[in-house]
Structure formats: C-alpha cells, structure tokens
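Listed here are the chains, written in short residue letters.
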Amino acid sequence: MLLLVQYTLIFSSVLLLVALGGCISEHSGIINLGLEGIMVIGALGGALVMSRFSTLPPAMMVILAMLAAIVLGMLYSCLLGIAAIHFKADQTLIGTAMNLLATAAATVFVKAMNTAANPDNHSSEIEYVAARKMFIVNINGFEFNWFMPLAIIVVILVYLFLYKNKLGLRLMACGEHPQAADSVGINVYKTRWMGVLISGALAGLGGLCYILAGVSLWKFENGVAGFGFLALAVMIFGQWKPFRIALAALLFGFFRALSNVYTGFDFLAALNLPSTVYNMLPYIISLIVLIFFSKNSAAPKAEGIPYDKGSR
Amino acid sequence: MKNLLKRQGVQSFIASIICILLGLFIGYIVLLFINPQGAGQSIVDVVRNFFTWSRPQQQLKQFGNTLAKTIPLIMCSLSILFSYKVGLFNIGAAGQYVAGACASLYAALAWGWGWLPCMLFAVVASSLLGAIVGILKSYRNVNEVISGIMLNWIALYTTNTVLSNVKETASPYTMYLNKVNPSALLPTMGLDQLFNKNSYVTIAVPLALIIAIVVAVLLTKTKFGYELRATGMNKNAARYAGMAENRNIILTLMISGALAGLGASMLYQTGYMRWECTQSSVPAMGFNGIAAAFLGGLNPIGAIFSSFFIQHITDGGQYVNTNYYSSQISDVISSVIIYLCGFVLFIKLSMNRMIRRSEEKKGVKK
C-alpha cells in the first residue's frame, strides 16, 4: 500500500511537471509534441551529472543535476522554437522529429561515451546508484523524493505566473489571439519563445524525475515510453488549467503506479490478469478520458497556427 | 530552365535533396565529434550500404534484403501521406502496422491460413484500428496524434500477449513461418532468382509499387480523392458543399490503417523477420514512414524513392565502425531529415522569391 502511494506520487510528479510545461507552451500558441524528446534529453543531462559528480555533497549534486536537466531541456526545445516561431513549420511534424531524434541521439551519445570508457561496453546505459540516494529520504520504507514537493511548488508558481502576472497574461493572449496581442504592443515572437523555453525547462526536469522514479540505471535506447504523450493527455484532461492538471496527474499517476506494484495486492493478483493489461492501463484510461473531455475543449484558440503578422 | 524551377515537383525534389545532404552532413559532424578518425569512412559506409560488400553476388543478396524492408516502409509512408493529404497526421500508423503484423502472424501460425487470407486479415485488423482513431476524431474531437500514440502502445502490448501463444518455447520470438506453415509465405514469382536466390524478395515488391500508383490516382484523379482533399483543406467548407466530412475522416483513417497493416504483412510474411514477444517499444517502421512521406514531397511516387533511401541508410548503419560508433547513427540522420522537412515550405518560398527577383531584374533590363 505504501509502495502504491509512493509510486503514485512520484509518477504524478513526472506527469505534472511535463504537463505544466506543455500547458505553458500551448497557452503561448505553440503545440509542443516534442515533450517526449525533451524529457529524454533532460534525463540524459541529469544522468550525466549524477554519474560524474556523485562525490559532491548531496544538496549540491541534486541542484546540479536538476540544473543540467533544465538547461539541456531548454536548449533542445530551441529546435521547436526556431522551426515553429520563425519558419512557420508544421508543429506536429517538428515535434515528432524531435522525439525520434532525442532517443537516437541520446543512444548514440551514451554508447559512444561508454565505448570510449571501456572498448567492450556497447550498452546505452547510465548508472547512478549513489546519486539516486541523494534525491531520496527514506521514511519507514516510504521513499520520499525531493521531486514531490518540487512539483507542488511548480504548480503554484505556474498558477501565479499565468493568472496573477503581467507576463503570464500576455503569454495567454498570444495563444488566444496573437494579432490582437500584437496590436497592443506585445511582441508575439518573444512571448512564444518564452512559452517554448519554459516548457523545455519543465519537461527536462520531468525527464530527470522519470528516470529517478524507480530505478538507478537507465537504458537510453528505450526513451521514456510515451510519457510525454501521457502528459499531453493529462493536460487536456486538466483543461489547460494548473490545478486541474494536478488532479489529472494524480489520477494518471495512480494507474501508472498500479503496473509497478499490482502483484502486492492479493485481490489484483488473484484476478490473474497478464501483466500487459496493467502496462496498457494508463494508455487505455487516457483514451477514455480523452473521449469524454475533448468535445468541449478549452484549448487556446490560436494554438498550432504559425503567427503571421499580415493575416487578420 | 526558369520554367523548370517553377514546377512544384522540381521544387519538391530540390528541397528533398537539400534535406538529405544537410541530414548526412549533420550525421557526419556527430561522427566527427565522437571520433574524428573513422568518421569519413563511416558516413560513406552508411550511404554505400550493400555496396560495401566486395562480391557482386553478395551485393545482390543484400540489395534484396534492403528491398524486402523497403516495401513495408513504402506502405507506411503511403499511409502517412494519404492521411496527411486529408489534413490528418496519422502517427498511429506505427500501431496499425503492429496490428497488421499481429493479425497476419497469428492467422498464419495458429490457424494455418494461406498467404492471401492472412494478408487480408491484416488489412481488416489494421483498418479497424484506424477506424477507432477516425471515429474518436470525427465524433469526439480527440486529437488524432494523441489517440494514435495511445493506441500504438495498446496495440504493442496486445500483440505481445496474442503472439505469445504462437512463440517458440525457448525464445521470445514467434515460430518460423517456413517450418510451421510455408503456405503463408508470400510467393516469390521468380523474383528471388533476380536477387541471387533471396527468397525475401516476393510478390510484395510489384504489389507495393502498384498500390503506390493506385493511391496517386485515387488522390488526384477521382471524385472520392477530391472530396477527401477538400475535407482536409476545410472541413466546414466541405460540409457546406454537401460532403459527409465525418464519413470521409473515418474512411481516410481506415484506408491509412489498411496501408500500414498491409505493409506489416508484406514484411512478416516473407519470413525475413519474426515478432519478438517481449518487445518494449513500438517498431520504428511507422515512424520512419513519416520521414519517407515528407522526404518524398508527400507524393506517392516520390515516397517509393524516399522510402528506399531511408531504408538504405538505416541498413547502412550496420556497416559503421562499431569500435567507435553505433548503428543508431542512421536513426539520427533520418530524424534530422524529418526535422529539416519542416523547413521545406520555407525553402520553396525562398526559391520562388529568388525566381521572381531575377525575373524582375530581367524585366527592368528590357
């Protein structure tokens, strides 16, 4: 039971961080389908720091790993920014390309690094046993992870940013009606860049959180198993509003956690369902949720449409 | 010369070549970054693929292998471009491909069906999966990209479970088709003789080419194709003109799914590959189809050549010097190419601008 709570909280934190990233980007008018890829790159940044600097004092190491994930996530999201804001590229296509590129590039990079260190090692794995312990406080068997409070703080910050702040309100204007925003002196290009970069930072952080959730070794060939897209479903279910997204993330996190711990529950084990059913569960639930919550969607009006100064 | 440059097809071709060259160049930079010594040789090996073999016989055989894998890629890229013409981004093609593999292999191994029924069964299964995406899109306004991704994973796990019933006891792979049910193998019609007795080159090759032509004709020369494209351009205008836009969306995704599923049966029924029942990621074929579709300028005939190119460099990846590099470098190159395809619109715009400028200059001189 404790384990279920623990996994629910940690997976919810991942989904929450990434979904908030997607939310900010969409409010600025850019659909960020590359979240999945940004997560991989952020995870890579964090994992590199964790495997290299595990001798640092814990607080330093934690902050450094998070910073690495944020910075790499932001850098990688520039690929989306350049293409979608300045070159009016198809945002779906660019996002898909970013997802494919991230896994491929991370695999090539990690393999090259491992091979350089040891010519016989052709794996794409990075290990961070010692560093993972620094993120975790063990309370009577419950693994408290620093990402859990962080996710809560981020929700509050995102709420304050979007609704109680000049910049945030301007950002949302650019996603609703960029021409109107432009006419009152808001720089649409700059504002959209802000949205994309923030989403890159949050998704990168989410990626690091994901690889810390249950394991202390990550195989980069596997990417992040559709978590970026689950986060998008969470965002739609949360109707693009921070606190609703938090609740949605808890729900999805719960179903994802079930697949990790279902064997610990007698009544679930007694059902004797194959493990693949539990693996599928988060995706099935999100489909069902989408069926009910997409009809009257509160999506920003101008999302996905490249900004053209000349159009009305 | 100027008139030639103005033509859409020529512009698409030039844009694709630019994307390929830039993609290869970036791949080269990455290799250079990892280890400068063998980078040049390795990137050449990626492009040469089967030509790295010295004996012509061996080259032919490897060429056949690449060809066998090009066929499903052509089908997947047709699937993607067909739906894209109707304004839908069917990223679920990857899952529909998986469904096709599941249906054809299960029918072949468990029920002992012949090759044609197996193939048709794959078409049915994958078009049903496509229909789900279509129904959700048209009646419940669910974004087809997100529902497609969710269904990809659902299809993957379902397939793993279903095909576990027909797998070898000692390995995670499904049983050999040629041992259990040779009648499900696609007929070669003598094509294998052309490729140094490579039995993976089958009837699928001419079939895929014919389907590409059919798709091209369907989209541009028929009333149905016109309706589909009109729906894609403006759903509301299409409805106003009396077209059943919901039906069109669902039909499109069904056809798109059928194409992807047929592609899977065209690969797995050659016996070239077996399904691995412990697979934890969706096969890349559907995603590479996106690369091929866009690289081919979203033209069915262009897709044939771009698919061959993508598969050519994907296979070429295994010839890099594995002491320093890994074969995934080809994935890097093809994903960079997809990324660059996002700029095709911009490339074409600047080409047109250049043409216009030089024409204006001429006008002034006259």
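What you see is a predicted model; the values in this text were computed from it and never measured.

Parameters and conventions
- Residue numbers here run from 1 along each chain, matching the order of that chain's written sequence.
- Chain labels run from A onward and ligand labels from 1 onward, assigned in the order the entries are written.
- Owing to the predicted nature of the model, reporting of local features is limited to residues with pLDDT of at least 70; listing and counting of side-chain atom pairs is limited to 80 or more, with chain, interface and lining totals taken over all residues.
- Note on terminology: a nonpolar core is a set of buried residues of type Ala, Val, Leu, Ile, Met, Phe, Trp, Tyr or Cys, with members joined through C-beta atoms within 7 Å.
- Residue burial is a threshold on neighbouring C-beta atoms within 10 Å of the residue's own C-beta, all placed from the backbone, with 20 or more meaning buried, 12 or fewer meaning exposed, and counts in between meaning partly exposed.
- Helix numbers and strand numbers start at the N terminus; a helix is a DSSP run of H or I with at least 4 residues, a strand a run of E with at least 2.
- Placing a C-beta atom from the backbone of each residue, one calls two residues in contact when those atoms lie within 7 Å.
- To get an axis, fit a line to the C-alpha atoms, keeping to the stretch in contact for a helix; angles then go from 0 to 180 degrees between the N-to-C directions.
- The labels follow the angle: roughly parallel below 35 degrees, roughly antiparallel above 145, roughly perpendicular from 65 to 115, and oblique for the rest.
- By definition, any crossing whose near helix is turned counterclockwise from its far helix by less than a right angle is left-handed, and any crossing with a clockwise turn is right-handed.
- Each residue gets one label: Ala, Val, Leu, Ile, Met, Phe, Trp, Tyr, Cys and Pro are nonpolar, Asp, Glu, Lys and Arg are charged, and the others, such as Gly, are polar.

(A) Representation of the nonpolar core. Residues and elements named next belong to chain A. One finds L15, V18, A19, A43 and V234 to be the most contacted residues of the largest nonpolar core, which totals 233 residues. Examining the composition of this core, we find that 15 residues originate from one element, helix α3 (residues 58-86), more than from any other. Every residue in contact with L15, bar those within four places of it in the chain, is listed here: L230, A231, V234, A249, F252 and G253.

(B) Expanded view of the packing of helix α2 (residues 35-52) of chain A against helix α10 (residues 227-237) of chain A. Residue and element names in this part refer to chain A. Taken N-terminus to C-terminus, the directions of α2 and α10 make an angle of 130°; their axes are 7 Å apart at the nearest point. By the angle between their axes, α2 is oblique relative to α10. Here α2 and α10 pass one another in a crossing that is right-handed. Contact residues: α2 offers L35, E36 and M39, while α10 offers F227, G228, F229, A231 and L232. Residues that form the contact of α2 with α10 fall into these classes: six nonpolar, one polar and one charged.

(C) Main features of the environment of Y210(A). Residues and elements named next belong to chain A. Relative to the helices and strands, Y210 resides in helix α9 (residues 188-212). Look at Y210 and you get buried, because 28 C-beta atoms sit within 10 Å. Each C-alpha atom of the pair Y210 and F252 lies 14 Å from the other, and the pair is 42 residues apart in sequence. Sequence-distant contacts of Y210, that is, excluding residues within four places in its chain, are made with V14, M39, A43, V224 and F227.

(D) Molecular detail of the interface of chain B and chain A. Of the residues lining the interface, 40 residues belong to chain B; the matching set on chain A comes to 42 residues. When residues of the side of chain B that touches chain A are assigned to their parent elements, the largest contribution, ten residues, is made by helix α7 (residues 144-163) of chain B.

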